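# A look at the structure
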Amino acid sequence: TCALPISAGSILLARKEYPAAEEELRKAIALDGELFEPRFLLGALKYQRQEYRAAIPELERSMDLYPTKQAAAMLSKSYQAIGDAANAKKYADMAK
């Protein structure tokens, strides 16, 4: 089951224990790559660490699985940070 790695990853992320959180979230993705939550949380982790290029694919995949305004806002800011104004605006509009 993916519930344990997702829960562990979520708790570790909240504690800002990024390497351990990433490991647990990657375990959950390996078990079931079609779940929204571990993709979203891994994208949020990368976003919090200002690793925008790494955050984008995880957040985009989470949006494919279950679109949220929170993921769209992080995508908008990530694209803005890497100089992609068109995608920054696209996701900013989705975040409204």
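Now for a quick tour of the structure. Residue positions are counted from 1 within each chain, in the order its sequence is given. The predicted nature of this model means local features are confined to residues of pLDDT at least 70 and side-chain atom pairs, given and counted, to a pLDDT of 80 or more, with totals for whole chains, interfaces and linings taken over all residues. To get the side-chain values, take all heavy atoms of the structure and skip hydrogens and water.

### Here we look at the nonpolar core
The condition is simple: Joining through side-chain atoms within 4.5 Å is the link that ties buried Ala, Val, Leu, Ile, Met, Phe, Trp, Tyr and Cys residues into a set, and such a set is a nonpolar core. Residue exposure (1.4 Å probe, protein chains only): buried if accessible area is under 20% of the type maximum, exposed if over 50%, otherwise partly exposed. Secondary structure elements follow DSSP: runs of H or I no shorter than four residues count as helices, runs of E no shorter than two count as strands, and numbering proceeds from the N terminus.
Counting residues in hydrophobic clusters, the biggest one holds 25 residues, and the most contacted among them are Leu59 and Leu75. Going through the elements one at a time, helix 1 (3–14), helix 2 (18–31), helix 3 (36–48), helix 4 (52–65), helix 5 (69–81) and helix 6 (85–95) are the ones with two or more residues in this core.

### So, unusual backbone geometry
The phi torsion at Lys16 lies on the positive side, around 65 degrees, for a residue other than glycine. Counting through the fold element by element, Lys16 comes out in the loop between helix 1 and helix 2. One non-glycine residue, Gln50, adopts positive backbone phi at about 60 degrees. Relative to the helices and strands, Gln50 resides in the loop between helix 3 and helix 4.

### Here's the deal with the packing of aromatic side chains
Rule in force here: Pairing of aromatic side chains here covers Phe, Tyr and the six-membered ring of Trp, requires ring centres within 6.5 Å, and sorts the geometry by plane angle: under 30 degrees stacked, over 60 edge-to-face, intermediate tilted.
If you walk through the whole model with that rule in mind, you get four aromatic pairs. With a centroid separation of 5.4 Å and an interplanar angle of 25 degrees, the aromatic rings of Phe36 and Phe40 are classed as stacked. Of this pair, Phe36 and Phe40 both sit in helix 3, four residues apart, which is roughly one turn of that helix. Since its relative accessible area comes to 23%, Phe36 is described here as partly exposed. Here Tyr47 and Tyr52 contribute two aromatic rings whose centre-to-centre distance is 5.7 Å and whose plane-to-plane angle is 70 degrees, an arrangement assigned as edge-to-face.

### Some details on the pattern of salt bridges
Put simply, the rule is: A side-chain nitrogen of Lys or Arg and a carboxyl oxygen of Asp or Glu constitute a salt bridge if their distance falls within 4 Å.
Scanning all chains against the criterion turns up 12 salt bridges. Two residues, Arg26 and Glu22, come together in a salt bridge whose shortest N-O distance is 3.0 Å. Of the two residues, Arg26 and Glu22 both sit in helix 2, four residues apart, roughly one turn of that helix. When its relative accessible area of 41% is taken as the criterion, Arg26 is described as partly exposed. Given a relative accessible area of 15%, Glu22 falls into the buried group. The salt bridge involving Arg39 is made with Glu58; its shortest N-O contact spans 3.1 Å.

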